[in-house]
Amino acid sequence: MSRLIIGAMIRTLGAYPSGWRAPGAHRDPRGDAAVLRRTAEVAEAARLDYLFFGDWLATGEDLAYRDPYLLARVDPLSAVTYLAGLTSRIGLIATANTTYADPYTLARATASADLLSGGRIGLNLVTGSEARTAGNHGRDARPSDDSRFDRAVEFEQVLRTLWDSFEDDAIIADAATGALLDPSKLHATDFDGRHLNVTGPLNAVRPVQGHLPIVHSGTSPRSRLFAAQNADLALVAVSDLEHAIAVREELRALAFESGRDDRTLKVIAPVLPIVGETRAHAQSIADELSELVQIAEDWPDAPPPAFPADRSLAQLSSLLGVDVSHRSPDAGVTTAVVAGFSAVGQELVEIVAERTGRSPSGDRPPTLRHLVVAASVNASMIVGTAEDIASEFEAWSDAGAVDGFNVLAATHPAQFEAFALGVAPELQRRGLLATEYEGTTLREHLGLARPDNVHARAHEVAAHAGSLRPGVRAGGAGGAGGPGGAGRGIEPASWHP
């Protein structure tokens, strides 16, 4: 058994679509500052490794129904900078979209935040795009997957070389001689790629961590390749234990084939636990959340035009193989009704039973609404007591399925605090979570070494090559210097995902 990386993905309105409607839940983004402050205090006291802030660069009415937490949210870099001043040990990870961000500006902002936080900032690089986002940034169309990831590869390389503009000892600050800087240790980037052109040097000292830990999430082949070759943490949604094992093995193999130490790639799975004092209590919470989810039939005539198309009895009918569109969404699903369902429908009934305790043969059978929610709300849920959830985490750890979990809270503050105050101590009792922070930086929390400066290493390699006899070439330059400092000289055009 090894210690897990445990972080929390922060969605202040709750990670469940109806989370903001639950009694006592936070429901107004204008009050996010207080929620973030309380969340950070509780998370740090629980010794979680980091708080993770995702992002979405557009908004619209549809998000109020589909993903309420995306409707209006604090900018991730602003959030981590705010919390850096209110915490002292916990890591803070912000998200940036490489399709639209400027690498020099981002390098400067993140290096500054890392300095001000004492080395606790991480950076999640994403490439996602949609029409509204493109319009918000003055773009006419969404770029292709190949174009987006080619730019992302260059972006990540530029960030690392910009962060390394100053060597660690470049600032001499010798008042007696008047020497503030050793100019031989200040380096330009001089990057001229197909998508980016940056000269540098960066006007910020090297981050405390050397390079901020890089995170990437995604499921496409190209996304996984990017994570394997460029990221320190790969966030991968998985359906079950066997799937998780296969994905982790695939990512580690891709990392090894790229020339890096595959042990430096940490594979993290998102999970949404519903925590209760008893299993029945946890199921009652999941049951209430399901009943609070709106579906199309809740409107007498028709739902709003922006309402999610998949959240309806008409869509459910296509999955069940039985037309239920004429029925009430809160009609009970009995054993006799289930008998006519397709295999997919039978599986939905089992999912609802596991999550809510409602059985077709019981006193409180599931409703059609429960089935719509199970089919349309995409979340890897574990419902149970703190011991149940810790046991599931332990089983995944023992199987080598993941290196850790990104925990989502269905509601804030109740479900977040149920995890931090209930599950975290149980994980600590089992040795899966540290009882005290063992380092001061996020890289240390994640078990990652501080990387060498890419410019200094390049000079060392060049000097070594010059000392060799004619005709002998030095090896191991390692390109741009990513995690582990090896295997980074692959040109984007040579990738064939």
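Residues numbered from 1 in each chain as written. Predicted model: local features only at pLDDT ≥ 70, side-chain atom pairs only at ≥ 80, totals over all residues. Heavy atoms only, no water.

The name an unreviewed UniProt entry assigns to the protein chain is LLM class flavin-dependent oxidoreductase, from the organism Agromyces salentinus.

Caption draft 1: Structural view of the overall build of the protein chain. Tallying secondary structure elements over the protein chain gives 17 helices and 13 strands in all. For a compact globule of 497 residues, the expected C-alpha radius of gyration is about 23 Å, and the protein chain comes in at 25 Å, within 12% of that figure. Taking all 497 residues of the protein chain together, the buried fraction comes to 53%. Long-range contacts, defined as pairs at least 24 residues apart, comprise 75% of the intrachain contacts of the protein chain with a sequence gap of at least 6. About 21,100 Å² of surface is accessible on the protein chain, with carbon and sulfur atoms providing 52% of the total. Averaging the positions of the 44 positive and the 63 negative side-chain charges in the protein chain gives two centres separated by 2 Å. (Helix = DSSP H or I, 4+ residues; strand = E, 2+ residues; numbered from the N terminus. Rg over C-alpha atoms; globule rule 2.2 N^0.38 Å. Buried < 20%, exposed > 50% of the residue type's maximum accessible area, 1.4 Å probe, protein only. Contact = heavy atoms within 4.5 Å. Areas by Shrake-Rupley, 256 points an atom, 1.4 Å probe, with all protein chains shown as cover. Lys, Arg positive; Asp, Glu negative; His and termini not counted. Charge placed at Lys NZ, Arg CZ, Asp CG, Glu CD.)

Caption draft 2: Just empty space enclosed by the protein, in detail. Within the structure shown, the criterion is met by 2 cavities of 30 Å³ or more. Taken as a whole, the largest cavity spans an internal volume of roughly 120 Å³. Lining of the largest cavity is provided by Ile-10, Arg-11, Thr-12, Asp-32, Leu-36, Phe-53, Gly-54, Tyr-69, Arg-73, Val-74, Pro-76 and Ala-79. Secondary structure elements with two or more residues in the lining of the largest cavity: helix H1 (32–45) and helix H3 (76–84). For the lining of the largest cavity, the class distribution of residues is 7 nonpolar, 2 polar and 3 charged. Quantified by volume, the second largest cavity comes out at close to 70 Å³. Around the second largest cavity, the lining residues are Tyr-16, Ala-286, Ser-290, Val-352, Arg-355, Thr-356, His-370, Val-373, Ala-374 and Met-381. Elements that contribute at least two residues to the lining of the second largest cavity include exactly helix H9 (279–291), helix H12 (343–356) and helix H13 (368–376). Its residues assigned to classes, the lining of the second largest cavity comprises 6 nonpolar, 3 polar and 1 charged. (1 Å grid on protein atoms, 1.4 Å probe; cavity = no way out; pocket = protein on both sides within 12 Å on 5 of 7 lines; lining within 4 Å. Points joined across faces, edges and corners; volume = space filled by probe spheres on them. Nonpolar A, V, L, I, M, F, W, Y, C, P; charged D, E, K, R; others polar.)

Caption draft 3: Focus on the pattern of salt bridges. One pass over the full model with this rule turns up 27 salt bridges. Here Arg-66 and Asp-67 are joined by a salt bridge, their closest N and O atoms 2.7 Å apart. Judged by its relative accessible area of 32%, Arg-66 is partly exposed. Overall, the relative accessible area of 18% leaves Asp-67 in the buried class. Its salt-bridge partner being Asp-287, residue Arg-358 comes within 2.8 Å of it at the nearest N-O pair. You can see Arg-358 sitting in the loop between H12 and H13 and its partner Asp-287 sitting in helix H9, a full 71 residues away along the chain. For Arg-358, a relative accessible area of 6% gives the class buried. Taking relative accessible area as the criterion, Asp-287 reaches 5% and is therefore assigned buried. (Salt bridge = Lys/Arg side-chain N within 4 Å of Asp/Glu carboxyl O.)

Caption draft 4: Spatial organisation of the packing of H1 against helix H15 (residues 414–429). Where H1 meets H15, the axes come as close as 9 Å, and the angle between the chain directions of the two elements is 20 degrees. Between H1 and H15, the angle falls in the class roughly parallel. Remark: the crossing between H1 and H15 carries left-handed chirality. Touching Arg-38, Thr-39, Val-42 and Ala-43 of H1 are Phe-416, Glu-417, Ala-420 and Leu-421, all from H15. The residue makeup of the contact of H1 with H15, split by class, is 5 nonpolar, 1 polar and 2 charged. (Axes fitted to C-alpha atoms, helices over the stretch in contact; angles between N-to-C directions. Parallel < 35°, antiparallel > 145°, perpendicular 65-115°, else oblique. Left-handed = near helix turned anticlockwise from the far one by under 90°.)

Caption draft 5: Representation of unusual backbone geometry. A cis amide bond, omega 0 degrees, links Gly-200 with the succeeding residue Pro-201. Mapped onto the elements, Pro-201 comes out in the loop between strand E8 (197–198) and strand E9 (214–217). A cis amide bond, omega 5 degrees, links His-412 with the succeeding residue Pro-413. You can see Pro-413 is positioned in the loop between strand E13 (404–408) and H15.

Caption draft 6: Representation of the packing of H9 against H12 within the structure. Axis separation between H9 and H12 bottoms out at 7 Å; the angle between their running directions is 125 degrees. With respect to H12, the element H9 is oriented oblique. Here Gln-283, Ala-286, Asp-287 and Ser-290 of H9 lie close against H12, whose contacting residues are Ala-353, Glu-354, Arg-355 and Thr-356. Taken together, the residues of the contact of H9 with H12 break down into 2 nonpolar, 3 polar and 3 charged.

Caption draft 7: How the structure looks around the nonpolar core. Membership of the largest hydrophobic core comes to 75 residues, with the highest contact counts inside it found for Ile-6, Leu-48, Leu-51, Phe-393 and Phe-405. When residues of this core are assigned to their parent elements, the largest contribution, 6 residues, is made by H15. In this structure Leu-51 touches Ala-8, Ile-10, Ala-40, Ala-43, Leu-83, Ile-90, Gly-91, Leu-92 and Ile-93, once residues within four positions along its chain are discounted. (Core = buried A, V, L, I, M, F, W, Y, C linked by side-chain atoms within 4.5 Å.)

Caption draft 8: Expanded view of H3. Listed in full, the buried residues belonging to H3 are Pro-76, Leu-77, Ala-79, Val-80, Leu-83 and Ala-84. Looking down the long axis of H3, one finds its buried residues gathered within 160 degrees of arc, a one-sided arrangement. Buried positions along H3 lie against H1, strand E2 (50–52), strand E3 (91–97), helix H4 (103–117) and strand E4 (121–126). (Arc of directions from axis to C-beta.)

Caption draft 9: Representation of helix H7 (residues 221–230) in the model. Where burial is concerned, most of H7 is hidden: 9 out of the 10 residues are buried. Here the buried face of H7 lies against helix H6 (145–163), E9, strand E10 (233–235) and helix H8 (241–257).

Caption draft 10: Structural detail: the environment of Glu-444. For Glu-444, the position within the fold is in helix H16 (residues 442–445). Under the relative-accessibility criterion, Glu-444 is labelled partly exposed at 45%. Along the primary structure Glu-444 and Gly-119 are separated by 325 residues, whereas in three dimensions their C-alpha atoms are 9.6 Å apart. Here Thr-440 takes part through its backbone nitrogen, which lies 2.6 Å from a polar atom of the side chain of Glu-444. (Polar contact = N/O pair within 3.5 Å; in protein donor to acceptor, adjacent residues only side chain to side chain.)

Caption draft 11: Structural view of the pairing of E3. For E3, the buried fraction is high: 7 of the 7 residues fall into the buried class. Along E3, one buried face is formed by Gly-91, Ile-93, Thr-95 and Asn-97 and the opposite face, lined by Leu-92, Ala-94 and Ala-96, is buried too. Direction of pairing for E2 relative to E3: parallel, over a ladder of 3 bridges. Bridge pairing in E3 places Phe-52 opposite Ile-93. Two elements, E3 and E4, share 6 bridges in a ladder whose sense is parallel. (Pairing = 2+ DSSP bridges.)

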